[in-house]
2 protein chains.
Amino acid sequence: MKPLKERLMTPGPTLVPERVLQAISSHPVYHRSAEFKEIFTNTIKLLKKLFRTDRDTIILTSSGTGAMEAAVSNLFSPGDSAVIVVGGKFGQRWEELCKTFGVNPIVIELEWGKSVNPEDIRKKIENNKNVKGILIQICETSTGAYNDIKAIGDITSEYNDILLIADGITAFGVYDIPVDEWNIDVAITGSQKALMTPPGLAIISMSEKAKTRLSKVEKRSYYFDLEKEIKNQLKGQTAYTPAVNLIIGLNEALKMIEEEGLKNVAERHEILAKCARAGIKALELELLPECPANGVTAVKLPEHIDGQKFVSWIKNKFGIVIAGGQEHLKGKIFRLSHMGYIDIFDLLTQLEAVEFALTRIEMYPAYGKSVKAAMEKYIELVHHKPITYRKGS
Amino acid sequence: MKPLKERLMTPGPTLVPERVLQAISSHPVYHRSAEFKEIFTNTIKLLKKLFRTDRDTIILTSSGTGAMEAAVSNLFSPGDSAVIVVGGKFGQRWEELCKTFGVNPIVIELEWGKSVNPEDIRKKIENNKNVKGILIQICETSTGAYNDIKAIGDITSEYNDILLIADGITAFGVYDIPVDEWNIDVAITGSQKALMTPPGLAIISMSEKAKTRLSKVEKRSYYFDLEKEIKNQLKGQTAYTPAVNLIIGLNEALKMIEEEGLKNVAERHEILAKCARAGIKALELELLPECPANGVTAVKLPEHIDGQKFVSWIKNKFGIVIAGGQEHLKGKIFRLSHMGYIDIFDLLTQLEAVEFALTRIEMYPAYGKSVKAAMEKYIELVHHKPITYRKGS
């Protein structure tokens, strides 16, 4: 039986709410109009609330990688060193960007799935000269690992000339992260993850410490000129033609987050993550990360299961698009997504697809096992206490 | 926790696929244009395929009830008698329509949930004078009961002057019903059920026997003038301005049915209905109908459960809109919908919602019970045989 419908359940792009789709589905607005300026300014205001900051926050028309490139090219001079945490595909991206822009990468290599020990960052800073910044992922999406960004911020804040540059592409909108309080100098995110908008927009928020650096580094990009963008965007417009429809969509999505309340949004993600982990445990599968993130759950498959076939089968048979592993994890893991416009039923649907696939491959009926565990966990967490049942379980 | 999203899971209106929503979401097309004529003609062609007929089939801009009224007012003269099967809310509607148009209703009253015994129809025909037609629901949506329309058609076809008029609003697109072969003289459906389009369109297909009657009965409606509509629609246009956007949407939906194949569509509905019943059985709940239909599953609730609160709680807590009972079944049943753009995961979502609600009310953890049973049944039916598991269950 061919799947009737397709369900996008990847850790980005994620499902887009109808409200956002409708906002996007209109003629473009002229980007130099007063009408757009109002929407743009409001979007920036809501983004600052998301980052829990008043500092300069700008939107780039690019993928998240564009914002990563902008951070490296605008904040480092050739020959500068950067401590880089590489524990997955997106850590590798920082390394490749450093190489492109002549920045010396001091790599903390982690087994994929591990999180960094913040003290190792301090050691790298102390043992190397000319370290101008830390480049890290708050959540390494490829492994589902969370890095203790608060503890790292405590360390980097001790150094006047070291910037903490955090790719929070699958963290902002999943967690409630106060960037000022946690000393994140450069916070980066994208439209297509927890912000429930199609891909095409990146967001950067910068501390005064970062802005000082900006003014000192010689420009190496025309399109990604952060100083120019800050100057323009403070006046309510972008330097170049922005993706106006996506910004209108992002504005709607941010209003939804505002209505739900950032604390509630973060709590929802935490609850769903815990339900996902409970479901996986019930299937006797193992999580890849030691310290799992709340937006994506990466799960190891038994060695005899080909993970690429596993996710392809789920897509071909059931129209559910869940992500497999990347690079050397290809074929070895799958990743459940519970980020953005996702509720318990969307998570249960993913678990059901996994149960169907496991049953088929293992010839052992897994039906309902993880669903039951995730539902139990859900009610326990929503009630904020274990439930006493009348008739036993 | 407030629900993040709403999921429409009622037995009409049903979920509308994105393809259909997109087709509807454009400026209206001029209804006298060649462009619209082409779409309209193609829509009629596809509707004939749905009814498995070549006979005249027309679209009315109205709800399904409009088509029911059109059938009564165009095909009966005051003083005629009609045998009516009343086993639910929609059977009652036939009775009310008869009273409105001076038709004498000869009622076969059924306990709600029961299906008619076709031989009882023969008896009513034989024992009454001037019976000009049978008015029946193929599926009585309010109870989820299926009537054996094929057996009834075998009976009515023996009588030259008795029309079988079947409300198939929740039957066409759920089942593969050949209206000619089964001697259904007037087949009625609506856009908002298995045809996956928003409400606003009704469809009537008429046999030569019905058309002969049409020419003999004095007109009692201007808007619902079936002869006039047939005459116009044969030329590719409607008598009055039709809901052009809905017709464009219906055209897209019918293309989807064509692509999936009517046999496959019907098989999918049958499989989902059986999965729903397996799930309900696993929860130790009882079906309302003796002969359950494939589009909707009506389930009795234990007496101590208030069904209205039950479905409200599911809606308020989880954003899942499932239907309760109507009339005297209000508060006593709930109805799962598996009609139209619905797959196994949509059904499982409904079962999960029911499990959450039962667990809360009964203080007994139902989690995963019906999900497991429905998943097992699904794989068994899709594989067309019971599965032998390697490790046991």
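Residues numbered from 1 in each chain as written. Chains lettered and ligands numbered in written order. Predicted model: local features only at pLDDT ≥ 70, side-chain atom pairs only at ≥ 80, totals over all residues.

Chemist: I tried to follow the overall build of chain A on my own but got confused; where do I start?
Modeler: Across its full length, chain A holds 13 helices and 15 strands. Taking 2.2 N^0.38 as the reference for a compact globule, 393 residues should give roughly 21 Å; the C-alpha atoms of chain A span a radius of gyration of 21 Å, in line with that estimate. Along the first, second and third principal axes, the C-alpha atoms of chain A reach 65 × 55 × 40 Å. The buried share of chain A, reckoned over its 393 residues, is 53%. In chain A, of all internal contacts separated by at least 6 residues, the share reaching a separation of at least 24 is 71%. (Helix = DSSP H or I, 4+ residues; strand = E, 2+ residues; numbered from the N terminus. Rg over C-alpha atoms; globule rule 2.2 N^0.38 Å. Buried ≥ 20, exposed ≤ 12 C-beta atoms within 10 Å, placed from the backbone. Contact = placed C-beta atoms within 7 Å.)

Chemist: Would you explain the relation of the copies chain B and chain A in this entry?
Modeler: Mapping between the two chain copies consists of a rotation about an axis together with a translation along that axis. After a rotation of 180° and a shift along the axis of 0.0 Å, chain B superposes on chain A with an RMSD of 0.0 Å. Considering both components of the superposition, the chain copies are consistent with a two-fold axis. The rotation axis passes nearest to the C-alpha of Gly368(B) in chain B, at a distance of 2.4 Å. Most of the interface of chain B is mirrored in chain A, where 96% of its interface residues again form contacts. (Least-squares fit on C-alpha atoms with pLDDT ≥ 70 in both.)

Chemist: Sorry, what's going on with helix H3 (residues 64-75) of chain A here?
Modeler: Given 3.6 residues per helical turn, the α-helix brings residues three or four places apart onto the same face. All names here are of chain A. Along its 12 residues, H3 runs 17 Å from first to last C-alpha, staying within 8% of the 16 Å computed at 1.5 Å per residue. Counting buried residues in H3 gives 11 out of 12 residues, a clear majority hidden from the surface. Turning to H3, its buried residues number three or more, namely Gly-64, Gly-66, Ala-67, Met-68, Glu-69, Ala-70, Ala-71, Val-72, Ser-73, Asn-74 and Leu-75. (Expected span 1.5 Å × (residues − 1).)

Chemist: Looking at this structure, how should I read the interface of chain B and chain A?
Modeler: Interfaces are frequently sized by the accessible area removed from exposure as the parts join. The partner chain A presents 27 residues to the 27 residues of chain B that form the contact. Looking at the side of chain B that touches chain A, its residues break down into 15 nonpolar, 3 polar and 9 charged. (Nonpolar A, V, L, I, M, F, W, Y, C, P; charged D, E, K, R; others polar.)

Chemist: Got a minute to help me understand the packing of helix H11 (residues 307-318) of chain A against helix H12 (residues 344-362) of chain A in this structure?
Modeler: Two measures define how a pair of helices packs: the angle their axes make with one another and the distance between the axes. All names here are of chain A. Here H11 crosses H12 at 110°, and the two axes come no closer than 10 Å. Put simply, H11 runs roughly perpendicular to H12. The element H11 and its partner H12 pack so that their crossing is right-handed. Between H11, through Phe-310, Trp-313, Ile-314 and Phe-318, and H12, the contact on the second element is made entirely by Ala-353, Phe-356 and Ala-357. Here the contact of H11 with H12 is built from residues that sort into 7 nonpolar, no polar and no charged. (Axes fitted to C-alpha atoms, helices over the stretch in contact; angles between N-to-C directions. Parallel < 35°, antiparallel > 145°, perpendicular 65-115°, else oblique. Left-handed = near helix turned anticlockwise from the far one by under 90°.)

Chemist: I'm lost on the sheet that holds strand S5 (residues 131-137) of chain A in this one. Help?
Modeler: The strands making up a sheet are joined through hydrogen bonds of the backbone, oriented either antiparallel or parallel. Residues and elements named next belong to chain A. Here 7 strands make up an open sheet; going across it, the order is S2-S10-S9-S8-S5-S3-S4 and the pairing mixed. A strand with exactly one partner marks an edge of an open sheet, and here the two such strands are strand S2 (57-61) and strand S4 (104-109). Neighbouring strand axes in the sheet, compared pairwise and without regard to direction, differ in orientation by 20° on average. Where strand S3 (residues 81-86) meets S4, 6 bridges bridge the pair, whose relative direction is parallel. By the bridge assignment for S4, Ser-81 is matched with Asn-104. (Pairing = 2+ DSSP bridges.)

Chemist: I would appreciate a short explanation of the sheet that holds strand S12 (residues 296-300) of chain A in the present structure.
Modeler: All names here are of chain A. Across the sheet, 4 strands lie side by side as S11-S12-S15-S14; this open sheet has antiparallel pairing. Looking at the sheet topology across the chains shown, the edges are occupied by strand S11 (286-287) and strand S14 (323-324). Looking at chain direction, S14 and strand S15 (residues 333-337) are connected through 2 bridges and run antiparallel. Within S15, the residue paired with Ala-323 across the bridge is Arg-335. Running over the sheet, H11 touches S14 and S15 and is turned about 40° from S15.

Chemist: Explain the domain arrangement of chain A here, please?
Modeler: All names here are of chain A. Entries for chain A in the domain assignment read domain 1 (7-13 + 261-383) and domain 2 (18-259). If you look at the interface, domain 1 gives 26 residues, while domain 2 gives 25 residues. Of all elements in the fold, only helix H10 (262-282) and S12 reach the threshold of two or more residues within the side of domain 1 that touches domain 2. Here the element with the most residues in the side of domain 1 that touches domain 2 is H10; it accounts for 5 residues. (Domains from an automatic or database assignment.)

Chemist: Would you mind showing me how to read the pairing of strand S15 (residues 333-337) of chain B here?
Modeler: Taken residue by residue, a regular strand's side chains alternate between the two faces of the sheet. Residue and element names in this part refer to chain B. Counting buried residues in S15 gives 5 out of 5 residues, a clear majority hidden from the surface. Covered by surrounding structure in S15 are Ile-333, Arg-335 and Ser-337 together with Phe-334 and Leu-336, the residues of both alternating faces. As paired strands, strand S12 (residues 296-300) and S15 are joined by 5 bridges and run antiparallel to one another. Residue pairing across strands places Val-296 opposite Ser-337, the latter belonging to S15.

Chemist: What should I look at first to understand the environment of Lys48(A) in this one?
Modeler: All names here are of chain A. Along the chain, Lys-48 turns up in helix H2 (residues 34-51). What makes Lys-48 partly exposed here is the crowd of 16 C-beta atoms within 10 Å. Placed 218 residues apart in sequence, Lys-48 and Ala-266 show a C-alpha to C-alpha distance of 16 Å. Once residues lying within four places of it in the same chain are set aside, the contact partners of Lys-48 are Thr-53, Asp-54 and Thr-57.

Chemist: Just checking my understanding: could you explain the packing of helix H5 (residues 118-127) of chain A against helix H6 (residues 149-156) of chain A for this structure?
Modeler: Residue and element names in this part refer to chain A. Taken N-terminus to C-terminus, the directions of H5 and H6 make an angle of 25°; their axes are 9 Å apart at the nearest point. Of the possible angle classes, the one that applies to H5 and H6 is roughly parallel. Helix-helix and strand crossings are classified by hand; for H5 and H6 the assignment is right-handed. Residues Pro-118, Ile-121 and Arg-122 of H5 lie in contact with H6, whose contacting residues are Ala-151, Ile-152 and Ile-155. Of the residues contributing to the contact of H5 with H6, the split by class is 5 nonpolar, no polar and 1 charged.

Chemist: Sorry if this is basic, but what is going on with the nonpolar core here?
Modeler: One broad rule of soluble globular proteins: the nonpolar side chains tend to lie buried together. Formed by 252 residues in total, the largest nonpolar core has its most connected members in Val186(A), Ile204(A), Ala374(A), Val186(B), Ile204(B) and Ala374(B). Look past the residues within four positions of Ile204(A) in its chain and what remains in contact with it is Ile58(A), Leu60(A), Ala67(A), Ala70(A), Ala71(A), Val186(A), Ile188(A) and Leu226(A). (Core = buried A, V, L, I, M, F, W, Y, C linked by C-beta atoms within 7 Å.)

Chemist: Whenever I open this one, the pairing of strand S3 (residues 81-86) of chain B confuses me. Can you help?
Modeler: Residues and elements named next belong to chain B. Taken across its 6 residues, S3 has 6 buried, putting it largely inside the fold. The side-chain alternation of S3 yields two buried faces, one formed by Ser-81, Val-83 and Val-85 and the other by Ala-82, Ile-84 and Val-86. After leaving S3, the chain enters helix H4 (residues 89-100) and then returns to the sheet as strand S4 (residues 104-109), a path that is right-handed. (Right-handed = clockwise from strand over helix to strand, strands pointing away.)

Chemist: Even after reading the chapter, I still don't get unusual backbone geometry, so can you show me in this structure?
Modeler: Among all residues save glycine, negative phi is the norm, and among peptide bonds the norm is trans. The step from Gly12(A) to Pro13(A) runs through a cis peptide bond, and the omega angle for that step is -5°. Along the polypeptide, Pro13(A) turns up in the loop between strand S1 (7-8) and helix H1 (18-24). Phi is positive for Glu327(A), which is not a glycine, with a value near 50°. Along the polypeptide, Glu327(A) turns up in the loop between S14 and S15. Phi is positive for Arg52(B), close to 55°, though the residue is something other than glycine.

Chemist: What's the story with helix H12 (residues 344-362) of chain B in this structure? I'm lost.
Modeler: Residues and elements named next belong to chain B. Here H12 contains 19 residues, and its C-alpha end-to-end distance of 26 Å stays within 8% of the 27 Å for a straight helix at 1.5 Å per residue. The element H12 is largely enclosed, with a buried count of 16 among its 19 residues. Remark: Met-363 follows H12 within two positions and exhibits a positive phi of approximately 55°.

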